[in-house]
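# Residue-level structural notes
Single-letter residue listing:
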Amino acid sequence: MFVKQLSIFVQNQSGRLSEIAGVIAKAGVDIRALSIADTTNFGILRLIVDKPDEAVKALKEMGLTVKLTEVVAMEVDDRPGAFAEAIKTLSDGGVSVEYLYAFLSRAPGKARVILRVDDNAKAEKVLNSGGITTLNEKDLYLM
Amino acid sequence: MNVFTPEIECADRETLEAIQTERLKATVKRAYENVPFYKKQFDDAGINPYGITSIHDITKLPYTNKQDLRDNYPFGMFAVPKSEIIRIHASSGTTGKQTVVGYTQRDIDIWAESTARAIAAAGGTKEDIIHISYGYGLFTGGLGLHYGAEKLGAVALPVSSGNTNRQVQLLQDFGSDIICCTPSYAMFIGETMKDMGISPESLSLRAGIFGAEPWTDGMRIEIEKLLGIKAYDIYGLSEITGPGVSYDCSCQKHLHVNEDYFYPEVVDIDTGEPVEDGVYGELVFTCIGKEALPLIRYRTHDISALYHGKCECGRTTVRMAKPRGRSDDMLIIRGVNVFPSQVEYTLTQLGFGTNYLIIVDRKNNLDCMEVKVEINENTVSDTVRDIERAEKVLENALQSMLNVHAKVSLVEPKTLPRSEGKAKRVIDNRKL
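Calculation rules
- Residues numbered from 1 in each chain as written.
- Chains lettered and ligands numbered in written order.
- Predicted model: local features only at pLDDT ≥ 70, side-chain atom pairs only at ≥ 80, totals over all residues.
- Heavy atoms only, no water.
- Helix = DSSP H or I, 4+ residues; strand = E, 2+ residues; numbered from the N terminus.
- Buried < 20%, exposed > 50% of the residue type's maximum accessible area, 1.4 Å probe, protein only.
- Contact = heavy atoms within 4.5 Å.
- Polar contact = N/O pair within 3.5 Å; in protein donor to acceptor, adjacent residues only side chain to side chain.
- Salt bridge = Lys/Arg side-chain N within 4 Å of Asp/Glu carboxyl O.
- Core = buried A, V, L, I, M, F, W, Y, C linked by side-chain atoms within 4.5 Å.

## Observations concerning the environment of L100(A)
Residue and element names in this part refer to chain A. For L100, the position within the fold is in strand β5 (residues 97–104). Residue L100 is classed as partly exposed on the basis of its relative accessible area, which comes to 32%. Sequence separation of L100 and V113 is 13 residues, and the distance between their C-alpha atoms is 6.8 Å. Setting aside anything within four residues of it in sequence, one finds L100 in contact with F83, I87, V113, I114 and L115.

## Comments concerning the side chain of Q11(A)
Locating Q11(A) in the fold gives a position in strand β1 (residues 3–11). The class of Q11(A) is buried, set by a relative accessible area of 18%. At 2.6 Å, the side chain of Q11(A) and the backbone nitrogen of E412(B) are in polar contact. Among all residues touching Q11(A), those that are not within four sequence positions of it are R16(A), N41(A), F42(A), V411(B), E412(B) and T415(B).

## Looking at the pattern of salt bridges
A complete count under the given rule lists 36 salt bridges over all chains for this structure. One salt bridge in this structure joins E259(B) and R13(B), with 2.8 Å as the shortest N-O distance. A residue pair is termed long-range when its members are at least 10 positions apart, and E259(B) in the loop between β9 (255–257) and β10 (262–267) and R13(B) in helix α2 (residues 13–34) qualify at 246 residues. Relative accessible area serves as the criterion here: at 1%, E259(B) is assigned to the buried category. Here D233(B) ties to K322(B) by a salt bridge, and the two come within 2.9 Å at their closest N and O atoms. In this pair, D233(B) sits in strand β7 (residues 230–237) while K322(B) sits in the loop between β14 (319–320) and β15 (331–333), placing the two residues 89 residues apart along the sequence. Overlapping salt bridges, with partners in common, bring together D77(A), R79(A), E85(A) and K110(A) in one network.

## Quick word on the nonpolar core
With 47 residues, the main nonpolar core has Y38(B), L61(B) and F285(B) as its most contacted residues. Among the secondary structure elements, those contributing two or more residues to this core are α2, α3 (36–45), β2 (100–103), α5 (105–121), β7, β9, β10 and β11 (281–287) of chain B. Listed in part, the 29 residues of the second largest apolar core include F9(A), I375(B), V380(B) and V384(B).

Written out as structure tokens, the structure reads:
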């Protein structure tokens, strides 16, 4: 029940991000969540979209290399301390987090977190047994 | 086995040496009597041009250098009057003044014979369409393969370089069998096909003859995969004739030299002394069949080695190793000799693509080298750590290959310049 994430290698060059976003827009793909990892020379644009396969096709046609990775999406309450509890649950369960990014849900009082971890299956098990909901692609796309 | 001229290509050593001896005698006589440069050079060195009795006497003769051609620019080295010259070509002249070469009818015939042998060795027959994407013009690539294709009786398709979409269109529509171009342009054509959504299986193309720039076996494998063909190397330089001085056979290991026309030697770069078979040094050629430009012991600056003995393909002509690169292409970085082909080799060993650019600069009086490489499916990742690790792995591999540090930067695909002719792999910003 994992979620597909697109990662795109982007050179630090003004206008580049705008071009890439334009291609995604033109393909009629809706972006659900995104984050950018930045270094001195390049960035990695990570995207959760409603139509991953179509986005990959459009981006590849533009000549970009795209990597598809499965990530975990969890839903936590939008209140002080909820994120701390969720992370502690993962940490206690022996799951390492590579990176994460969060956004608010349209569902009132809920926040969502995309997690890139060392072991997806284990993360999901740990979260669920700690009472934390994980989401599938459908949940995310129809939010 | 597809051999165009078996009586030469599969001849025994005695036969070849007898031919070479006769031709060397005639060449030296011709050069001495018709080219003032050679008359002076022989007289100054006290060499009797009529005293040659064997091909092995060649080691007594002085060398000819590129500078000698430049000093006698444009036609001073020609051994025949202009009335006998029927063609002129010139080198690209990227370093200094361009070098000019002339051909008589016989020289053109020799050249056509040489490239016909190369096309046959790549499996070409008179049934085939030979798609020639080398540039036509002063550059010898296009016309060299063109005359060879015609000599073979195949169809010569003179597409020339450029307009890559049209190249692909013609490959599709005409069903070309063999393509001839630079290896870097072959890569570009392959990428363009991929972009156009055309699979190699849908073409009848089965082989490619690639040359005019040094390339590695790693790049060969990449081109073969991309275009779904077998890739053959062809070697030559305009001073000697152009493409067709030597060529790959089906074994794809070392190139057979047309030694009945272009007598090869490998000499120590520093001492100029001949080296044994299998030892790398500078390639030297003597044009023993040519009339207009009978160059004697011409130093090519190409680094290679020779191998005598019968090849598995049945040919007996001497083979030369794929040139490691022209000593002109050699970079000296912090006193260390670096060849772009070493960088290319390392890239292919580690699964990187072969689109790369070497940038050399001098910062605080210290040479700095950067290698930019396009990211590919093997190296792309969602984490910064993985990408930086890939850069580090390549930096370490380059360090042990080159003995000098190079900073590695991965860049987006298709951002490094593409070439329709010879690829530009090095930008040297050092102002010395």
